[in-house]
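# Reading the structure
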Amino acid sequence: QVQLVESGGGLVQAGGSLRLSCAASGRTFSNYAIGWFRQAPGKDREFVATISRTGIRYYADSVKGRFTTSRDNAKNTVYLQMNSLKPEDTAVYYCAAGGSSASIVTQAYAYWGQGTQVTVSS
């Protein structure tokens, strides 16, 4: 069992930055790939970024070049640095833990956090 807690969300103006954190407890954190997903009101949950246990990263085209994910296994924490934020980035952001390989699909992740709200004003 892995417990995940997201933090760092908030309200920011367009063009601004936020850094989300995903803190994990429970089973060995370093064995898991960690994914970031987001869900806007009335929309399906969508892939944002992922990082494998070995540090391989993938990003959605919509955030490539603006968002960066990283992990600190010593702190059992994964980060999502979000720069040049746009109003369309507004959503609840979730982190999730799954197998060792990075994946862009929600079904690959067994453990989910409760989410943190990110609101970008124009």
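It should be emphasised that the depicted structure is a prediction, and the values quoted were computed from it without experimental measurement.

Another point: the state of the cysteines. Counted according to the given criterion, the structure contains 1 disulfide. Two residues share a disulfide in this structure: Cys22 and Cys95, whose sulfurs sit 2.1 Å from each other. In this structure the cystine formed by Cys22 and Cys95 twists about its S-S bond by roughly 70°; its chirality is therefore right-handed. Linking Cys22 in strand β3 (residues 18-26) with Cys95 in strand β9 (residues 91-98), this pair joins segments that are 73 residues apart in sequence. You'll find Cys22 and Cys95 in the same group, each marked buried.

Pairing within the open sheet is antiparallel, and its 4 strands lie in the order β1-β3-β8-β7. In this open sheet, the two strands that pair with only one neighbour each are β1 (2-7) and β7 (67-72). Neighbouring strand axes in the sheet, compared pairwise and without regard to direction, differ in orientation by 15° on average. Both β7 and strand β8 (residues 77-82) contribute to a ladder of 6 bridges, which runs antiparallel. Of the residues in β8, the one forming a bridge with Arg71 is Val78.

Here we come to the environment of Lys75. Relative to the assigned elements, Lys75 resides in the loop between β7 and β8. Each C-alpha atom, one on Lys75 and one on Thr90, is 28 Å from the other, the two residues being 15 residues apart in sequence.

This part is about the nonpolar core. Counting 34 residues, the largest nonpolar core has Leu80, Met82 and Tyr93 as its most contacted members. Sorting the residues of this core by element identifies β1, β3, β4 (34-39), β5 (46-51), β8, β9, β10 (109-112) and β11 (116-121) as the ones contributing at least two each. It is β9 that contributes the most residues to this core, 5 residues altogether.

Moving on, we get to unusual backbone geometry. In this structure, Asn76 is a non-glycine residue whose phi angle is positive, near 55°. Residue position: Asn76 is located in the loop between β7 and β8. Its identity as a non-glycine residue notwithstanding, Ser84 has a phi of 50°, on the positive side.

Analysis parameters
- Residues numbered from 1 in each chain as written.
- Predicted model: local features only at pLDDT ≥ 70, side-chain atom pairs only at ≥ 80, totals over all residues.
- Heavy atoms only, no water.
- Disulfide = S-S within 2.5 Å.
- Helix = DSSP H or I, 4+ residues; strand = E, 2+ residues; numbered from the N terminus.
- Buried < 20%, exposed > 50% of the residue type's maximum accessible area, 1.4 Å probe, protein only.
- Pairing = 2+ DSSP bridges.
- Axes fitted to C-alpha atoms, helices over the stretch in contact; angles between N-to-C directions.
- Core = buried A, V, L, I, M, F, W, Y, C linked by side-chain atoms within 4.5 Å.

This is a description of form; function is not addressed.
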